[in-house]
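Report on the structure
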Amino acid sequence: MAQHNHTPLHGSCSCGTFSFETTKAPAARFVCHCLFCQDFTGEAFSDVSVLMAHQIEMKGTDGLIHKKYRLPPNLNRTRCARCGKPAMETMGAGPLKLVFVPSKNFVEQALLPPVKAHVFYNRRVTDVADNLPKYSHYWPSQFAITKTIMGF
């Protein structure tokens, strides 16, 4: 599946209160099995696509509820106050700010990059039968996330 890097993508939470448009396709995508993601999504894992903050325009952010599960790397996780579904997660500041969007929130699923890895796999609820790399525990998972985002 080819990634169309300069094609704007659109999406929203399930009720549409929060919506977004990107200036290009996400640069990275991974699946996180950590306990925080499981709690945040209410699911066994979180499939997220990553963009730089300047590459996404958001509407309805005043209707989001913010929560941090821990300090550094201190992802700010937000969900829609109306439908309660995950909207996005952010990390960093200024030109280095990243936005992690639940992949299922995108309309144009076929234009998303492929999943590159499973992280915090030691926290998985069930085994995943695919050939993607699987990283367990904190430091290997953080390294894999960084490597995925940086495109190594």
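Please refer to the structure higher up on the page.
Reference entry: report on the structure contained in this document. (Residues numbered from 1 in each chain as written. Predicted model: local features only at pLDDT ≥ 70, side-chain atom pairs only at ≥ 80, totals over all residues. Heavy atoms only, no water.)

1. Focus on the side chain of R77
By secondary structure assignment, the location of R77 is in strand β7 (residues 76-80). Side-chain polar atoms of R77 contact the side chain of E89, separated by 2.6 Å. The residues touching R77, leaving out its near neighbours within four places in the chain, are F36, C37, F40, I65, H66, K67, Y69, M88 and E89. (Helix = DSSP H or I, 4+ residues; strand = E, 2+ residues; numbered from the N terminus. Polar contact = N/O pair within 3.5 Å; in protein donor to acceptor, adjacent residues only side chain to side chain. Contact = heavy atoms within 4.5 Å.)

2. Structural notes on the sheet that holds β7
Reading across from one edge, β6-β7-β8-β9-β4-β3-β10 is the order of the 7 strands in this open sheet, with mixed pairing throughout. Because the sheet does not close on itself, it has two edges, and the strands there are β6 (64-67) and β10 (118-119). Packing against the sheet, helix α2 (residues 138-150) makes contact with β3 (28-32), β4 (46-52), β9 (98-102) and β10, and its axis sits at approximately 160 degrees to β3. (Pairing = 2+ DSSP bridges. Axes fitted to C-alpha atoms, helices over the stretch in contact; angles between N-to-C directions.)

3. A few points about α2
Given a rise of 1.5 Å per residue, 13 residues ought to cover 18 Å, and the 18 Å separating the end C-alpha atoms of α2 matches this to within 8%. Three or more residues of α2 are buried, namely S141, Q142, A144, I145 and T148. Down the axis of α2, the buried side of the element spans an arc of 160 degrees, and every buried residue falls inside it. Turned more than 90 degrees away from the buried face of α2, the exposed residues are W139, F143 and M150. Of the surrounding secondary structure, the elements contacted by the buried residues of α2 are β3 and β10. Immediately downstream of α2, the backbone of G151 shows phi near 80 degrees, a positive value. (Expected span 1.5 Å × (residues − 1). Buried < 20%, exposed > 50% of the residue type's maximum accessible area, 1.4 Å probe, protein only. Arc of directions from axis to C-beta.)

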